[in-house]
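# Structure at a glance
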Amino acid sequence: MSTRFSDTAAEAEAVLIDLLRQAPAWQKMQQVEAMNDLVRRLALSGLRQRHPTASEAALRRRLADLALGAELAETAYGPLSCAASVFSDISPIKAANIMNASAAQVTLQVCHTFEELGIPYVIGGSLAGAVHGHSRATYDGDIVADVQAAHVPLLLARFQDDFYISEDAIYEAIERRGSFNLIHLGGMFKVDVFVAQDRPFDRAELARGRPAVLAEGERGTANVAAAEDVILAKLEWYRLGGESSTRQWEDVLGVLRVQGERLNRDYLAQMSAELGVADLLQRAEAETP
C-alpha cells in the first residue's frame, strides 16, 4: 500500500483507515470542526501580533480576508475601513459564538432550507470527502442543487438575514449552470452552491445521495453525495484545474483508501468515461492498491 503522507508508515496508515471506516459521519465532522477552530485561533493569534492596536472587530474583518480572500471578503463585508460598522455592534459573547459557527451547522442550515423549498441537493466537496474518506480543515462547503429561477425569491427571503447572498449571481448560475456563494456573515463560512447540470452524472449524483448524521440533534441530518460521486466530482475538478490541486488529489486517494471494496467499480468506470476522467481514475486506483 502506498502511503498518503510521506511521514506515515504503511502499518500506521492501515490502522488509521480502519478507524476511519468505523467512525460515524458526525464524528468526522467534529474532526473538521476541531481543525477549523485551530486554524482560526492560529490565524487570529497571528493577526493580533501583526496588528497589536487593532480592535476585535477589525481583527475579525481581517480574518475574513484570510478565510474568504480579499475580494470576496470585501464584497460580503465591505472594505477594511468599515470593520467597526460591520462587527462592533456584536456583543463579545455573541461574537465568540458566531465566530465558532461550525461548518456542519452552516451547511445544515442551507440544506434544511433546500429541503423545505423542495430543492433536490447533495453535499459534496471536502465535507463529503470527510464523510467517506479523511477529514481536513476547510473554509467552505460544496452543495450540488437543482435550483430553478422560481426558487430565487424564496432563497433571498430565507438567507438574507444571516448570509451574504447575491440575486444576480444566483440567476447567472442558473443560466450558465455554474455556482453562487452563500457566506455566513457571523461564522465567515462559505457554502458554494453548484447548480446541477443537465447531464447523466449530475442527475445520478442527486439521485444517489443518502442522508447522513452530521451533527447531534433532530436536525443534524442532511443528504451527502455517494462516495463514488465524490471521487468522480473531485477528479473532474482536478482536471479542470490543470491537475495541479494536491488537496483534490489527496481527497480522491483518501476516499478510495477508506472505502476500498465497498465502492461500485462498475459505476466508477462507466461514469468516469462519461466525464472524461477515466485515465485519472486509473492513476488514482494504481496509487491505492
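As the structure is a prediction and not an experimental result, all values here were calculated from the model.

## Side note on the layout of surface pockets
In this structure, the largest pocket spans a volume of roughly 650 Å³. Lining the largest pocket are 35 residues; nearest its centre among them are Gly125, Asp142, Phe194, Trp237 and Gln248. Elements supplying a minimum of two residues to the lining of the largest pocket: helix 2 (25-50), helix 8 (125-132), strand 2 (140-145), strand 5 (189-195), helix 11 (200-208), helix 12 (227-240) and helix 13 (246-259). The leading source of residues in the lining of the largest pocket is helix 12, at seven residues. Looking at the lining of the largest pocket residue by residue, the classes come out as 13 nonpolar, ten polar and twelve charged.

## Comments concerning the side chain of Glu205
The topology assignment puts Glu205 in helix 11. Despite its burial, Glu205 remains without a salt bridge, the nearest opposite charge being carried by Arg199 at 6.5 Å.

## Quick notes on the pairing of strand 4 (residues 179-184)
The pairing of strand 3 (residues 163-164) with strand 4 spans two bridges and is antiparallel. In the strand pairing of strand 4, Phe163 is matched with His184. With six bridges joining them, strand 4 and strand 5 adopt antiparallel strand pairing. Its bridge partner lying in strand 5, His184 is registered against Phe189. Counting the residues that bridge the hairpin from strand 4 to strand 5 gives four residues, and of these Met188 lies at a positive phi of roughly 60 degrees.

## A few points about the pattern of salt bridges
Summed over all chains, the structure comprises 19 salt bridges. Arg61 is the salt-bridge partner of Asp65, the closest N and O atoms lying 2.9 Å from each other. With Asp65 and Arg61 both in helix 3 (residues 56-68) and four residues apart, the pair spans about one turn of that helix. Salt bridges here are not isolated pairs; linked through shared partners, they connect Arg239, Glu243, Asp279 and Arg283.

Rules used throughout
Residues numbered from 1 in each chain as written. Predicted model: local features only at pLDDT ≥ 70, side-chain atom pairs only at ≥ 80, totals over all residues. Heavy atoms only, no water. 1 Å grid on protein atoms, 1.4 Å probe; cavity = no way out; pocket = protein on both sides within 12 Å on 5 of 7 lines; lining within 4 Å. Points joined across faces, edges and corners; volume = space filled by probe spheres on them. Helix = DSSP H or I, 4+ residues; strand = E, 2+ residues; numbered from the N terminus. Nonpolar A, V, L, I, M, F, W, Y, C, P; charged D, E, K, R; others polar. Buried < 20%, exposed > 50% of the residue type's maximum accessible area, 1.4 Å probe, protein only. Lys, Arg positive; Asp, Glu negative; His and termini not counted. Salt bridge = Lys/Arg side-chain N within 4 Å of Asp/Glu carboxyl O. Pairing = 2+ DSSP bridges.

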